[in-house]
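# Reading the structure
One letter stands for each residue in the lines below.
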Amino acid sequence: QVSQVVSGIADSTVVTFSVFIKAVEVPRVALKIGTKANTYPGATFNLPTGGITSSVAGVLSSGAMALAGGWWRCWVVADVGTGGTTPSAIAQLKNGADADYSGTVGDGVYIWGGQLEVGSAPTSYIPRTGTAAASRVADTYTGGYIACGDLDGRWGGSYPLVLRETNDGPLWSA
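We now turn to the structure provided with this report. (Residues numbered from 1 in each chain as written. Predicted model: local features only at pLDDT ≥ 70, side-chain atom pairs only at ≥ 80, totals over all residues. Heavy atoms only, no water.)

## A short note on the overall build of the protein
Counting its regular elements, the protein contains 0 helices and 11 strands. The N-to-C order of helical and strand elements in the protein reads β-β-β-β-β-β-β-β-β-β-β. Accessible area of the protein: about 7800 Å², with a carbon and sulfur share of 54%. (Helix = DSSP H or I, 4+ residues; strand = E, 2+ residues; numbered from the N terminus. Areas by Shrake-Rupley, 256 points an atom, 1.4 Å probe, with all protein chains shown as cover.)

In structure tokens form, the structure reads like this:
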């Protein structure tokens with residue numbers, strides 16, 4: 001599992017967490033939004049088909065869009081609610097039965113372009129570097145944007161990340 005906390009989100013705000021994902025050895029990935037109430041609404045995506053295999057209470061919507069070369073843009077939408085926990089965006093490897101993946105060391109997926117934004121649907125990818133929130137010229141979306149963080153500057157970099165299983169749990173690598 002990999003996660004990024006995102007401060008500065010107002011109470012009861014609807015947000016969308018989206019990423020670009022391609023299956024390598026692991027067939028499924030769960031995307032979750034950690035809420036202020038310390039709950040984790042999310043959905044599990046079957047990467048070979050783009051289907052949603054399960055959804056956790058609190059998900060307002062979720063979806064996947066097929067792209068070239070076996071890539072998918074997957075997203076989940078939830079309300080961050082109220083409480084004392086800082087919201088987060090989470091990607092987690094899953095096996096074919098939607099359980100946490102604990103398979104072969106080195107197995108994983110390609111994942112790129114993660115972003116958490118205010119609103120009820122994903123918008124176009126916003127490239128960014130560093131820790132400052134991204135901004136853009138408005139396209140079909142109007143509203144604020146909250147950056148999901150770069151996981152040490154690599155989350156939305158030029159090359160996809162590889163989420164791999166290790167002896168200590170999943171690991172990000174460039």
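## A word on the packing of aromatic side chains
For any two aromatic rings, the description comes down to two numbers: the centre-to-centre distance and the angle of the planes. Here the structure, examined in full by the defined rule, presents 4 aromatic pairs. Taking 6.3 Å as the distance between ring centres and 85 degrees as the angle between the ring planes, the aromatic pair formed by Phe-20 and Tyr-125 counts as edge-to-face. Taken together, the residues span a long stretch of sequence, with Phe-20 in strand β2 (residues 14–23) and Tyr-125 in the loop between β9 (108–118) and β10 (161–164) at a distance of 105 residues. Each member of the pair Phe-20 and Tyr-125 is classed as buried. Look at Trp-71 and Tyr-110: their rings are 6.4 Å apart centre to centre, the planes differ by 25 degrees, and that puts the pair in the stacked class. Of this pair, Trp-71 sits in strand β7 (residues 71–79) while Tyr-110 sits in strand β9, and the two are 39 residues apart along the sequence. (Phe/Tyr/Trp six-rings, centres within 6.5 Å; stacked < 30°, edge-to-face > 60°. Buried < 20%, exposed > 50% of the residue type's maximum accessible area, 1.4 Å probe, protein only.)

## Examining the nonpolar core
Grouped together as the largest cluster of nonpolar side chains are 27 residues, with contacts concentrated most on Phe-17, Ile-21, Val-29, Leu-31, Ile-33, Val-109 and Leu-116. Elements represented by at least two residues in this core include exactly β2, β3 (28–34), β4 (42–46), β7, β8 (88–94) and β9. (Core = buried A, V, L, I, M, F, W, Y, C linked by side-chain atoms within 4.5 Å.)

## What to know about the pattern of salt bridges
Under the defined criterion, the tally for this structure stands at 2 salt bridges. Here Asp-11 and Lys-36 are joined by a salt bridge, their closest N and O atoms 2.8 Å apart. A residue pair is termed long-range when its members are at least 10 positions apart, and Asp-11 in the loop between β1 (2–5) and β2 and Lys-36 in the loop between β3 and β4 qualify at 25 residues. Overall, Lys-36 belongs to the buried group, its relative accessible area being 11%. A salt bridge links Lys-94 to Asp-100; the shortest N-O distance between them is 2.7 Å. What makes Asp-100 partly exposed here is its relative accessible area of 47%. (Salt bridge = Lys/Arg side-chain N within 4 Å of Asp/Glu carboxyl O.)

## A closer look at the environment of Gly-114
Relative to the assigned elements, Gly-114 resides in strand β9. Along the sequence, Gly-114 and Ile-21 sit 93 residues apart, while their C-alpha atoms lie 9.4 Å from each other.

## Focus on the sheet that holds β3
Sheet strands line up and pair through hydrogen bonds in the backbone, either parallel or antiparallel. One open sheet accounts for 5 strands, arranged β1-β8-β3-β4-β5; its pairing is antiparallel. If you trace the sheet from one side to the other, it starts and ends with β1 and β5 (51–55), each paired once. When strand polarity is set aside, the average angle formed by the axes of neighbouring strands in this sheet is 20 degrees. Note that β1 and β8 share 4 bridges and pair antiparallel. Bridge pairing in β8 links Val-5 to Ser-88. (Pairing = 2+ DSSP bridges. Axes fitted to C-alpha atoms, helices over the stretch in contact; angles between N-to-C directions.)

## A few points about the pairing of β5
Along any regular strand the residues' side chains alternate between the sheet's two faces. Direction of pairing for β4 relative to β5: antiparallel, over a ladder of 4 bridges. Following the sheet pairing, Asn-46 is matched in β5 by Gly-51. Linking β4 to β5, which pair antiparallel, is a turn of 4 residues; within it Gly-50 sits at a positive phi near 80 degrees.

## What about the pairing of β4?
Among the 5 residues that make up β4, 5 are buried, leaving the element largely enclosed by the rest of the structure. Residues of β4 alternate between two faces, with Gly-42, Thr-44 and Asn-46 on one and Ala-43 and Phe-45 on the opposite face, all of them buried. Bridge count for β3 against β4 is 5 bridges, and the pairing is antiparallel. Note on β4: the bridge partner recorded for Val-29 is Phe-45.

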